[in-house]
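# Remarks on the overall topology
For reference, the chains in residue letters:
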Amino acid sequence: MTDQRQRPRRRGQGELEALVLSALSEADGPASAGWVQERLGGDLAYTTVITILTRLLAKGAVTRERAGRSFAWTPASDQAGLAAHRMRKVLDAESDREAVLASFVTGLGLDDERLLRELLSRAKDERED
């Protein structure tokens, strides 16, 4: 007889960061890691929550301030900002930025292409003002 225990589902890259950031954004103000852990249902170890918060801090997605012997954490960015940071990081790691951007743009659907054109036009207008 074989042991067929179910392994817990492995979360996708960035999923935990998004969950932690989402929990922080629901707080009324700066929140402790313990509060975040509790808000997420307590299924993550406290040390895991601290690790995720520390990674988010390094990415500029959260800030922290001393609160007694630990820290209180505040979102500095939303999930969209975090995704944009990841996209810039991938782009910065490539030697041929033009080829990467060209490949990205040609892979967009019509609605996304239209949206990107509108956003670029808006950004250009704001820079000219």
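Residues numbered from 1 in each chain as written. Predicted model: local features only at pLDDT ≥ 70, side-chain atom pairs only at ≥ 80, totals over all residues. Heavy atoms only, no water.

Cut-off, in case you're wondering: UniProt positions are given in the numbering used here, feature names are shortened, and annotations may be inferred rather than shown by experiment.
Per an unreviewed UniProt entry, the recorded name for the protein is BlaI/MecI/CopY family transcriptional regulator, and the organism is Streptomyces vastus. According to its UniProt record, the protein has this under Sequence similarities (unreviewed entry): "Belongs to the BlaI transcriptional regulatory family."

## Comments concerning the overall build of the protein
Our working rule: Only DSSP runs of H or I reaching four residues or more are called helices, and only runs of E reaching two or more are called strands; each is numbered from the N terminus. Buried means the residue's accessible area, taken with a 1.4 Å probe over protein chains only, is under 20% of the maximum for its type, while exposed means over 50%, and partly exposed covers the values in between.
Within the protein one finds 6 helices and 2 strands. For the protein, the α and β elements follow one another from N to C terminus as α-α-α-β-β-α-α-α. When the 129 residues of the protein are sorted by exposure, 19% land in the buried category.

## So, the pairing of strand β1 (residues 62-67)
Threshold: Should DSSP find at least two bridges between two strands, the strands are regarded as paired.
Strand direction decides the pairing type here: β1 and strand β2 (residues 70-75), joined by 6 bridges, are antiparallel. When the bridges of β2 are listed, Arg-64 appears paired with Trp-73. Connecting β1 to the antiparallel partner β2 that follows it, the hairpin turn spans 2 residues, and Gly-68 within it adopts a positive phi of roughly 70°.

## Looking at the environment of Thr-48
Looking at the secondary structure, you find Thr-48 in helix α3 (residues 46-58). Look at Thr-48 and you get partly exposed, because its relative accessible area is 29%.

## Examining the pattern of salt bridges
Basically, it comes down to this: Basic side-chain nitrogens of Lys or Arg form a salt bridge, by our definition, when they fall within 4 Å of a carboxyl oxygen of Asp or Glu.
For the coordinates displayed, the defined rule picks out 5 salt bridges. Glu-17 is paired through a salt bridge with Lys-59; the nearest N and O atoms lie 2.8 Å apart. Pair noted here: Glu-17 is in helix α1 (residues 15-25) and Lys-59 is in the loop between α3 and β1, with a separation of 42 residues, a long-range link.

## A few points about a negative patch on the surface
Let me state the cut-off plainly: Patches were defined on residues exceeding 30% relative accessible area and lacking a salt bridge, with like-charge contacts within 9 Å and nonpolar side-chain contacts (Val, Leu, Ile, Met, Phe, Trp, Tyr) within 5 Å. Exposure was quantified through the Shrake-Rupley algorithm and a 1.4 Å probe, taking into account, for residues, occlusion by the shown protein chains and nothing else. Counted as positive: Lys and Arg. Counted as negative: Asp and Glu. His and the chain ends are not counted at all. To locate a charge, take atom NZ for lysine, CZ for arginine, CG for aspartate or CD for glutamate.
Together, Asp-125, Glu-126, Glu-128 and Asp-129 line one region of the surface with negative charge. Considering the arrangement of structural elements, one finds Glu-126 in helix α6 (residues 110-128).

## Concerning the packing of α1 against α3
Counted only if it meets this: Every axis corresponds to a line fitted to the C-alpha atoms, with the helix fit spanning only the stretch in contact, and the corresponding angles, defined between N-to-C directions, vary from 0 to 180 degrees. In these notes the angle categories are as follows: under 35 degrees is roughly parallel, over 145 is roughly antiparallel, 65 to 115 is roughly perpendicular, and the rest is oblique. Residues count as neighbours in contact if any of their non-hydrogen atoms are within 4.5 Å of one another. For this classification, Asp, Glu, Lys and Arg are treated as charged, while Ala, Val, Leu, Ile, Met, Phe, Trp, Tyr, Cys and Pro are nonpolar and the rest, including Gly, are polar.
Running from N to C, α1 and α3 cross one another at 85°; their axes reach a closest spacing of 10 Å. By the angle between their axes, α1 is roughly perpendicular relative to α3. Contact residues: Leu-16, Glu-17, Val-20, Leu-21 and Leu-24 in α1; Thr-48, Ile-52, Leu-53, Arg-55 and Leu-56 in α3. For the contact of α1 with α3, a count of residues per class yields 7 nonpolar, 1 polar and 2 charged.

## What to know about the packing of aromatic side chains
What counts here: Here the aromatic set is Phe, Tyr and Trp, taking the six-membered ring for Trp, and pairing holds for ring centres within 6.5 Å; pairs whose planes are under 30 degrees apart are stacked, those over 60 apart are edge-to-face, and all others are tilted. By the criterion adopted, a ring carries a charge over it if an Arg CZ or a Lys NZ lies within 6 Å of its centre and within 35 degrees of its normal.
With the rule as written, the count across this model stands at 1 aromatic pair. Sitting above the plane of the Phe-71 ring, Arg-64 keeps its charged end 3.9 Å from the centroid. For the cation-ring pair, Arg-66 lies above Phe-71, with the distance from its terminal atom to the ring centre recorded as 4.3 Å.

## Some words on the packing of α1 against helix α4 (residues 79-92)
The angle between the axes and the distance between the axes are what describe a pair of packed helices. Filter applied, for reference: Two helices crossing with the near one rotated counterclockwise from the far one by less than a right angle form a left-handed crossing, whereas a clockwise rotation gives a right-handed crossing.
Relative orientation of the contacting elements α1 and α4 amounts to 145°, with a least axis distance of 10 Å. By crossing handedness, the relation of α1 to α4 is classed as right-handed. Where α1 approaches α4, its residues Glu-17, Ala-18, Leu-21 and Ser-22 are matched on the opposing element by Gln-79, Leu-82 and Arg-86. When the residues that make up the contact of α1 with α4 are grouped by side-chain class, the tally is 3 nonpolar, 2 polar and 2 charged.

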